[in-house]
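Coordinates in review
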Amino acid sequence: SFCALLDSLLSLAVVSSAPGYCWPQIIARKEDGSPVLHITAGRHPMLEQSLLERGGDDFISNSVALGGKTKAVGMACESNEYLPRLLLLSGPNMGGKSTLLRQTCLITIMAQLGCMVPADSCKMTPVDRIFTRVGASDKVLEGQSTFFVELAETANILHSATQDSLCILDE
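To start, this report covers the structure provided alongside it.

What counts and what doesn't
- Residues numbered from 1 in each chain as written.
- Predicted model: local features only at pLDDT ≥ 70, side-chain atom pairs only at ≥ 80, totals over all residues.
- Heavy atoms only, no water.
- Helix = DSSP H or I, 4+ residues; strand = E, 2+ residues; numbered from the N terminus.
- Buried < 20%, exposed > 50% of the residue type's maximum accessible area, 1.4 Å probe, protein only.
- Contact = heavy atoms within 4.5 Å.
- Lys, Arg positive; Asp, Glu negative; His and termini not counted.
- Charge placed at Lys NZ, Arg CZ, Asp CG, Glu CD.
- Core = buried A, V, L, I, M, F, W, Y, C linked by side-chain atoms within 4.5 Å.
- Pairing = 2+ DSSP bridges.
- Salt bridge = Lys/Arg side-chain N within 4 Å of Asp/Glu carboxyl O.

1. Thoughts on the overall build of the protein chain
Looking only at helices and strands, the protein chain features five helices and six strands. Its helices and strands in sequence order give the protein chain the pattern α-β-β-α-β-α-α-β-β-α-β, from N to C terminus. The principal-axis extents of the C-alpha atoms in the protein chain amount to approximately 50 × 45 × 40 Å. Sorting the 171 residues of the protein chain into buried and exposed places 30% on the buried side. Pairs at least 24 apart in sequence give 65% of the contacts found in the protein chain among residues at least 6 apart. Looking at charge distribution, the protein chain has the averaged site of its 13 positive side-chain charges lying 5 Å from that of its 18 negative ones.

Rendered as C-alpha cells:
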C-alpha cells in the first residue's frame, strides 16, 4: 500500500541522515575482474543504535576487504595484487565474529537499497543474492542430525551461488 511505501522511504531517509554514515560506491564488475566488497570501519546499524540509546561504549568498527586489488582498497604496499574473495574468521567465543558477518550482510543490503551505510567508506559490486547458514538445527524426527542438516544447507548454497553472490556461513 501507499502508506507502507511511504513508511519505508521515510525510514530509509531517517537512517541515511544519521551521523557517521556514508554513501556507498556501487561499481560494475569488470568481465575479467572479481566481485568487490570493501567496507572501511563498518558498524552494525542496530547494535550501534542500541549501544547509543543505553549510553554505553561506542561500537568498535570493523573493516572487510574482499575481491579487487590492494591498490583499490588504498593499502600501503608496493604491489597491486588481487585480494582474496574468501574470509575465514576465527576467534574466541563472544569475540564479535557473528556480528561482523551480520553487519556485512546488512551494509550490503542497505547499499543496494540506495541507503547510506554505517561506515567510513563502502565500495562494492552488486550482489545478486545473499546466502546465509547461521545457527544449528536438526530434523531428528526425519532422521537428520544437526551435522547432516548443516551439510545439506551448505551444499544447497554451493549449488545455487553465483560469482556475484555473498555467502555467509556461521559455524
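So much for the structure itself; the text now carries on.
2. Focus on the nonpolar core
Within the largest apolar cluster, 21 residues are counted, with the highest numbers of intra-cluster contacts made by Leu37, Ile39, Val117, Cys122, Met124 and Leu166. Contributing elements (two or more residues each) for this core: strand E2 (37-42), strand E3 (62-66), helix H4 (97-113), strand E4 (121-124) and strand E6 (166-170). Considering every element that reaches this core, the biggest residue donor is H4, with six residues. When residues no more than four places from it in sequence are discounted, the contact partners of Met124 are Gln25, Ile26, Ile27, Val36, Leu37, Thr108, Ala111 and Gln112.

3. Structural notes on the pairing of E6
On E6, burial follows the alternation: Leu166, Ile168 and Asp170 on one face are buried, whereas Cys167 and Leu169 on the facing-out side are not. Two strands pair when backbone bridges link them, and strand E5 (residues 130-134) and E6 are joined in this way by five bridges, in the parallel orientation. Following the sheet pairing, Thr132 is matched in E6 by Ile168.

4. A closer look at the pattern of salt bridges
Evaluated as defined, the whole model comprises four salt bridges. Arg43 serves as the salt-bridge partner of Glu48, at 2.5 Å between the closest nitrogen and oxygen. In this structure, Glu48 and Arg43 share a single accessibility class: buried.

Everything listed here is a matter of geometry and, on its own, says nothing about what the molecule does.
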